[in-house]
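Each chain, letter by letter, is given below.
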Amino acid sequence: MDLTSLTIKQAHEGLKNGDFTSVDLTKAYLKNIKKLDKEINAYLSVDESGALEQAKKVDEKIAKGQELSLLSGVPCAVKDNIMVDGQKCTAASKMLEKYTATYDATVVKKLKELGAVILGKTNLDEFAFGSSTENSALKTTKNPHDLTRVPGGSSGGSAAAVAANMACFALGSDTGCSIRNPASFCGISGLKTTYGAVSRYGLIASASSLDQIGPLTKNVEDAKIVFQAIHGRDKMDLTTADYNFNETTVDLNSLKIGVPKEYFSKGLDPEVEKIIRDAIEKLERIGAKIVKVSLPSCEFALACYYIIQTSEASANLARFDGIRYGLSTQDEDILNVYLKSRGKGLGAEAKRRIMLGTYCLSSGYYDAYYKKAQEIRQLIKKDFKKAFEAVDLIMGPVVPFPAFKIGEKLDDPLSMYLADIYTVPVNLAGLPGFSLPVGRIDNLPVGLQIIGNHFEENKILSVASQLEKMIE
Amino acid sequence: MISKDEVKHIAKLARLELTEKEIEKMQKDLSEILDYFNLLKRADKLSAKETGLAQEGKMIPRKDEVEISNGQDKIVAAAPDEKNGYIKVKTIL
């Protein structure tokens with residue numbers, strides 16, 4: 001039996017029945033990492049001894065006949081912008097290459113309390129700025145389905161690790177696409193949670209009004225298990241909501257699916273379009289009602305997103321000043337410490353975003369860019385609100401095309417930003433979104449995006465799980 | 001197209017040291033992206049009352065209570081320079 005191909009639920013059953021131990025399971029993953037990651041480069045650091053130590057603890061619990069949580073003894077990976085106490089946390093930046101986290105993020109604390117085994121930290125675009133993981137200052141991660149292509153981003157390391165059986169599940173973060181895009185490119189499940197559903201405490205901030213942590217998993221059920229484990233109110237993040245996930249079963253016969261025409265516009269690869277339409281048709285054939293909806297303001301979503309994202313990012317990255325932590329270039333003059341530490345420590349895309357954000361927030365341009373973008377954000381929210389009055393879920397593609405070649409878009413930032421056209425509206429509106437693998441172009445996976453109303457992850461997960469069974 | 005001087009001005013505001021080569025590339029990239037942002041000029045005008053908080057959820061602040069924190073040594077250790085348990089900074093004034 002290949003232990004690394006098991007889902008969370010299967011691994012849990014195996015541990016409970018004594019078919020294998022958590023140490024066996026952890027060793028199997030560590031072996032895969034040793035064998036495969038030289039080429040895929042999903043991990044930035046692997047904590048072999050810490051992982052085995054935790055696995056042993058779980059095995060002792062099992063030996064004593066104690067109750068096991070679903071995640072107990074199950075090996076996972078954590079995106080390297082989420083803090084694990086005592087482990088390096090680099091955000092894939094030269095700025096934080098030597099930084100060690102001084103506390104656990106709330107999501108990590110929750111995983112640890114449930115007994116999960118943390119294998120290591122995964123690669124990302126520097127500070128989660130990107131859609132391909134190529135902006136990592138430390139490594140280039142490859143797509144396990146085609147090593148000449150990107151895994152998507154910015155949680156590309158987490159997605160590649162799960163897709164290549166180098167972790168049973170992983171945590172990622174999604175600011176504009178960063179869980180759904182790599183899930184789509186790597187052919188796995190990825191859930192971007194409702195804004196406020198999961199604590200951001202201990203996540204290195206990219207854009208605080210957009211960032212959310214969520215799971216990348218082998219199937220829909222696993223995404224549900226991880227989401228259940230990490231969601232909920234946290235006093236350390238005042239934007240978290242007092243909300244409890246309640247599982248539901250959606251009857252497909254009474255389901256209304258909104259299909260926005262803006263999600264099938266020019267620029268969508270015809271083969272991707274066919275796969276997405278076929279998947280939606282499967283639900284229609286079984287009784288779901290397809291409703292044409294319009295989200296007219298989505299035309300402006302990408303421009304709106306990149307103004308708000310870069311503005312917030314430029315403020316969030318001001319903390320990297322060479323004084324308190326991270327890379328520091330010493331100089332007699334304090335202004336030079338700032339300039340040189342930042343000049344040396346930050347990569348091209350981080351600099352570009354800081355410059356764009358600073359420009360949009362600067363005197364004389366604030367009204368035309370930042371203020372205008374905030375207004376459009378309200379329009380986008382209104383569009384979704386109106387659509388959800390008529391439908392239960394909205395469906396469309398995640399990315400307009402499958403995984404592209406490494407290097408193809410790296411020198412053309414605007415064409416890279418266009419990859420996010422179908423995912424950023426969801427973050428601007430604070431909604432939950434899912435990427436479910438529904439087909440392939442040759443060997444390249446394509447994900448269907450399922451968007452739900454605020455705090456209706458339960459509907460998304462129920463429908464995704466039923467569709468998953470029809471596609472298998 | 002934004003000018004080189006504008007790029008340098010923004011870099012100064014952002015406390016970023018850029019090389020000549022970076023300034024040239026930045027001029028090209030920013031101009032292209034800002035051109036794209038101009039798309040927003042076509043969007044509907046909204047009345048002021050419709051623009052509110054970025055995310056509508058109710059913010060729930062925690063009580064401002066003093067707690068023992070054990071992380072001070074680790075935090076100071078992460079700084080490039082320290083003296084007597086404090087982070088050392090160059091003269092500002």
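Parameters at a glance
Residues numbered from 1 in each chain as written. Chains lettered and ligands numbered in written order. Predicted model: local features only at pLDDT ≥ 70, side-chain atom pairs only at ≥ 80, totals over all residues. Heavy atoms only, no water. Helix = DSSP H or I, 4+ residues; strand = E, 2+ residues; numbered from the N terminus. Buried < 20%, exposed > 50% of the residue type's maximum accessible area, 1.4 Å probe, protein only. Contact = heavy atoms within 4.5 Å. Buried area = accessible area lost by both parts, 1.4 Å probe. Salt bridge = Lys/Arg side-chain N within 4 Å of Asp/Glu carboxyl O. Polar contact = N/O pair within 3.5 Å; in protein donor to acceptor, adjacent residues only side chain to side chain. Nonpolar A, V, L, I, M, F, W, Y, C, P; charged D, E, K, R; others polar. Pairing = 2+ DSSP bridges. Right-handed = clockwise from strand over helix to strand, strands pointing away. Axes fitted to C-alpha atoms, helices over the stretch in contact; angles between N-to-C directions.

### Some thoughts on the overall build of chain B
Link 1 in the chain: Looking only at helices and strands, chain B has three helices and two strands in total.
Link 2 in the chain: Start at the N end of chain B and walk to the C end: the helices and strands fall as α-α-α-β-β.
Link 3 in the chain: By the burial criterion, 27% of the 93 residues in chain B qualify as buried.

### A word on the interface of chain A and chain B
For interface size, the figure often reported is the accessible area lost on association.
Link 1 in the chain: At the interface, 66 residues of chain A touch 52 residues of chain B.
Link 2 in the chain: With both chains or domains summed, chain A and chain B bury close to 5300 Å², and 66% of this area falls on carbon and sulfur atoms.
Link 3 in the chain: At the junction of chain A and chain B, the tally comes to five salt bridges.
Link 4 in the chain: Run the count over chain A and chain B and you get 13 residue pairs in polar contact (both at pLDDT 80 or more).
Link 5 in the chain: Mapped by element, the contributors of at least two residues to the side of chain A that touches chain B are α9 (301-316), α10 (334-345), α11 (348-361), α12 (367-390), α13 (413-417) and α14 (424-429) of chain A.
Link 6 in the chain: Per element, the largest residue contribution to the side of chain A that touches chain B is eleven residues, and it comes from α12 of chain A.
Link 7 in the chain: Class assignment of the residues belonging to the side of chain A that touches chain B gives a composition of 33 nonpolar, 15 polar and 18 charged.

### Quick word on the pairing of strand β8 (residues 289-293) of chain A
Residue and element names in this part refer to chain A.
Link 1 in the chain: Here strand β7 (residues 256-260) pairs with β8 via five bridges, running parallel. For Val 259, the partnering residue across the bridge sits in β8 and is Lys 292.
Link 2 in the chain: Handedness of the crossover joining β7 and β8 through helix α8 (residues 270-285): right-handed.

### A few points about the sheet that holds strand β2 (residues 75-79) of chain A
Residues and elements named next belong to chain A.
Link 1 in the chain: Strand order in this open sheet of eleven strands is β1-β3-β2-β4-β6-β5-β10-β11-β9-β7-β8, and the pairing throughout is mixed. Of all strands in the sheet, those with a lone pairing partner are β1 (43-46) and β8, marking the two edges. With direction set aside, neighbouring strand axes in the sheet form an average angle of 30 degrees.
Link 2 in the chain: In the packing of helix α3 (residues 48-63) onto the sheet, the strands contacted are β1 and β3 (117-122), and the crossing angle to β3 comes to about 155 degrees.
Link 3 in the chain: Sheet strands in contact with helix α7 (residues 220-230) are β4 (169-174), β5 (189-192), β6 (212-217) and β10 (433-441), and its direction is about 145 degrees off that of β6.

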